[in-house]
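# Structure at a glance
Okay, here's what each chain looks like letter by letter:
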Amino acid sequence: GTPDLGGGPGDPHMGHSMPGMTRSVDELRDTSTAPAAVAVTLVARKQVFRLPTGEQVDGFTLNGESPGPELRVVQGQTVQVRLVNESVPDGVTLHWHGMDVPNADDGVAGVTQDAVRPGGEFTYRFVAKDAGTYWYHSHQVANPQVQGGLFGGLVVAPRGAPAEPETTALVHHYGSNRTVDGRTGDTAVAAAPGSRMRVRVVNTDNGPMSTWVTGAAFRLVAIDGTDVHGPATVSGQAVTVTAGGRADLDVDVPADGSGARVEMGGDAALIVGATGAPPPHSAKPAVTLDPLSYGTPSPLGFDPARATRNFDYTVGRWPGFVDGQPGVWWTVNGKMWPDVPMFVVSEGDVVRVRIANTSGEVHPMHLHGHHAVVLARDGVAATGSPWWVDTLDVADGATYDVAFVADNPGIWMDHCHNLKHAAEGLVAHLMYT
Ligand code: C2O
Ligand code: CU
């Protein structure tokens, strides 16, 4: 069958000790028993719940709500999450999207753990080493489970920095309703006139979303949890938030009390700081900010010219039969999961990947456990701030050159974060030997 992001409990294709790996997944686990700074229990349930609009969702909750509780951590803290599956029939896991956690805590059913069956539990433990905006979600039959509500926000505040006014904006479609933090329409966020508000936009849906700000200027201060170096002030441009990706906007709250409207795709918004009537909706700007040339360069911390591994990775479309069923499937180098060969690295490798997309649709490609820097798009070299991504929108016909350092041993999924496409075969793995 197809992967649907998790082979299911007891998937025979993969186990916890991968032959050929120098260390098994379980040996990569944090076995310390010291108390964690942040310790929470999340109880997963299949349940019918109501959106604030009154609409019923037949989905899933964590501690009775969807989105699940936002986890807030200070950089350097140890996080321990006990996941209890009360009633999710297919089993459940939690993946810490964008956080480069130890492999054993990555939450990928069938790869780093078995799915937690109803009545079971699993405890994750990791150090939040990088500040930034992340999210968590189930990684077992992920397309229906994430769409149905098994996700939440995860924010790591920088250590030693003064707290800044900020808000998370977790954007999600429950059915046809676009919501921000579970609410449809406009959501008010109090902010002092003339202040700055960091809006952490998280796209939990399957397609790219545009965000833009009406009535105020802003800076795009982080992408996928990594700060942009030298972010310039932007007005009249939209920012694309990749499916699974994050964009942090530092919004200049108007001094006159009029508020800023942070548009999420055009049909939901955060109204930041308005004390009177909120500014009217505005259409999406014609110009979209290009991270390839935004901000100013700064050192990468490694030299991509000294690559010790080079991979070519072409995403294609394959009409054919799977398990006797005709369909259109997605491939990596002509193969679909589980027949895509492992991309094999060793710890310390500098890895370059050329990702090309000839498939006819956009694919938000997501690599677990690592952040990659974009070197070039369609042969045009990046000129702005280092553009670090964990989830990169690769448009049809586009080619990206990216690079990363292999510094997190294990077996890591690399897949399309249009989770429907992942279920349709667009899944590969990176494996350390
Ligand atoms: Cu956010 Cu493999 O996923
Ligand atoms: Cu895709």
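The shown structure was predicted, so the numbers you read here are calculated from the model rather than taken from an experiment.

This next bit is on the nonpolar core. Counting 61 residues, the largest nonpolar core has Val-199, Val-251, Val-262, Met-264, Leu-270, Val-272 and Tyr-313 as the members making the most contacts within it. Each of domain 2 (166-289) and domain 3 (304-432) gives at least three residues to this core. Once residues lying within four places of it in the same chain are set aside, the contact partners of Tyr-313 are Val-332, Asn-333, Phe-343, Val-353, Arg-354, Ile-355, Ala-356, Met-365, Asp-414 and Ala-428.

Right, let's get into the domain arrangement of the chain. Its domain assignment divides the chain into domain 1 (25-157), domain 2 (166-289) and domain 3 (304-432). At the junction of the two partners, domain 1 supplies 19 residues and domain 3 supplies 18 residues. Interface area for domain 1 against domain 3, summed over the two sides, is near 1,300 Å², with a carbon-plus-sulfur share of 60%. Summed over the shared surface of domain 1 and domain 3, the result is zero salt bridges. At the junction of domain 1 and domain 3, the tally comes to 13 residue pairs in polar contact (both at pLDDT 80 or more). Sorting the residues of the side of domain 1 that touches domain 3 by element identifies strand 5 (95-97), strand 7 (132-137) and helix 1 (142-147) as the ones contributing at least two each. The element best represented in the side of domain 1 that touches domain 3 is helix 1, accounting for three residues. A per-class count over the side of domain 1 that touches domain 3 returns nine nonpolar, eight polar and two charged.

Once that is clear, we can look at the pairing of strand 13 (residues 209-214). Counting buried positions along strand 13 gives six out of six residues, so the element sits mostly inside the fold. In strand 13, alternate side chains face the same way, and those of Met-209, Thr-211 and Val-213 on one face and Ser-210, Trp-212 and Thr-214 on the other are all buried. Here strand 13 pairs with strand 17 (residues 237-241) via three bridges, running antiparallel. Following the sheet pairing, Thr-211 is matched in strand 17 by Val-239. Both strand 13 and strand 19 (residues 260-264) contribute to a ladder of four bridges, which runs antiparallel. Bridged to Trp-212 within strand 19 is Glu-263.

The next subject is the coordination of the copper ion (ligand 2). At this site the copper ion (ligand 2) is bound by His-363 (ND1), Cys-416 (SG) and His-421 (ND1), with donor distances of 1.9 to 2.1 Å. The sequence motif formed by the donor residues of the copper ion (ligand 2) is H-x52-C-x4-H. Of this pair, His-363 sits in strand 26 (residues 363-367) while Cys-416 sits in strand 32 (residues 411-416), placing them 53 residues apart in sequence. Of the two residues, His-363 and Cys-416, neither departs from the other in class, the shared state being buried.

A word on the environment of Gly-132. Summarising the element assignment, Gly-132 is placed in strand 7. Sequence separation between Gly-132 and Asp-227 is 95 residues, and the spatial gap between their C-alpha atoms is 7.8 Å. Once you skip the residues sitting within four places of it in the chain, Gly-132 turns out to touch Leu-154, Val-155, Val-156, Arg-200 and Gly-225.

The next point concerns empty space enclosed by the protein. Empty space left among the atoms is revealed by rolling a probe the size of a water molecule over them. Within the structure shown, the criterion is met by three cavities of 30 Å³ or more. Each pocket or cavity is described by its volume, and for the largest cavity that value is around 240 Å³. Lining the largest cavity we find 18 residues, and of these Val-353, Ile-355, Leu-367, Val-402 and Asp-414 sit closest to its centre. Among the residues forming the lining of the largest cavity, the class breakdown is 14 nonpolar, two polar and two charged.

Let us now look at the sheet that holds strand 19. Ordered by their spatial adjacency, six strands build an open sheet running 11-20-19-13-17-21, and the pairing between neighbours is mixed. Lying at the two open borders of the sheet, with one neighbouring strand each, are strand 11 (185-189) and strand 21 (287-288). When strand 19 meets strand 20 (residues 268-272), the two strands line up antiparallel, connected through four bridges. The partner of Glu-263 across the bridge, within strand 20, is Ala-269.

Moving on, we get to the side chain of Asp-105. Mapping Asp-105 onto the fold places it in the loop between strand 5 and strand 6 (121-127). Judged by relative accessible area, which is 1%, Asp-105 ranks as buried. Here Arg-125 takes part through its backbone nitrogen, which lies 3.1 Å from a polar atom of the side chain of Asp-105. Sequence-distant contacts of Asp-105, defined by excluding residues within four places in its chain, comprise Arg-29, Asp-30, Leu-94, Trp-96, Thr-123, Tyr-124 and Arg-125.

Right, let's get into the sheet that holds strand 24 (residues 343-345). In space, the five strands of this open sheet follow the order 24-33-32-26-30, with mixed pairing throughout. Lying at the two open borders of the sheet, with one neighbouring strand each, are strand 24 and strand 30 (391-394). Adjacent strand axes in the sheet meet at a mean angle of 20 degrees when their direction is disregarded. Taken together, the five bridges between strand 32 and strand 33 (residues 427-432) define a ladder with antiparallel strand orientation. Paired with Asp-414 across the two strands is Ala-428, which belongs to strand 33.

Definitions and cut-offs
Counting from 1, residues in each chain are numbered in the order their sequence is written. For this description, chains carry letters from A and ligands carry numbers from 1, given in the order in which they are written. Two thresholds apply to this predicted model, a pLDDT of at least 70 for residue-level local features and 80 or more for giving and counting side-chain atom pairs, whereas whole-chain, interface and lining totals are computed over all residues. Side-chain metrics rest on all non-hydrogen atoms present in the structure, leaving aside hydrogens and water. Side-chain atoms within 4.5 Å link the members of a nonpolar core, which is a set of buried Ala, Val, Leu, Ile, Met, Phe, Trp, Tyr and Cys residues. When accessible area is computed with a 1.4 Å probe and restricted to protein chains, residues below 20% of their type maximum are described as buried, those above 50% as exposed, and intermediate ones as partly exposed. Residue ranges assigned to the domains are those given by an automatic or database domain assignment. Any two residues whose heavy atoms approach within 4.5 Å at even a single point are treated as in contact. Defined here as a combined quantity, buried area equals the accessible surface (1.4 Å probe) lost by two parts on assembly, summed across both. In the sections that follow, a salt bridge refers to a side-chain nitrogen of Lys or Arg positioned within 4 Å of a carboxyl oxygen of Asp or Glu. Identification of polar contacts relies on pairs of N or O atoms within 3.5 Å, with a donor-acceptor requirement for protein atoms, meaning one able to donate a hydrogen and the other able to accept it, and with residues adjacent in sequence counted only if both atoms are side-chain atoms. Going along the chain from the N terminus, every DSSP run of H or I of four or more residues is numbered as a helix, and every run of E of two or more is numbered as a strand. Gly counts as polar in this scheme, as do all residues outside two lists: the nonpolar Ala, Val, Leu, Ile, Met, Phe, Trp, Tyr, Cys and Pro, and the charged Asp, Glu, Lys and Arg. DSSP calls a pair of strands paired once it identifies at least 2 bridges connecting them. For Na, K and Ca the donor cutoff is 3.2 Å, while for all other metals N, O and S atoms must lie within 2.8 Å; water is not among the atoms, so some sites may look incomplete. In this analysis a 1.4 Å probe is tested at points of a 1 Å grid over the protein atoms alone, and where it fits but cannot get out there is a cavity; an open set with protein on both sides within 12 Å along at least five of seven lines is a pocket; lining residues have an atom within 4 Å of a point. Grid points are joined across faces, edges and corners, and a volume is the space filled by probe spheres set on the points. To get an axis, fit a line to the C-alpha atoms, keeping to the stretch in contact for a helix; angles then go from 0 to 180 degrees between the N-to-C directions.

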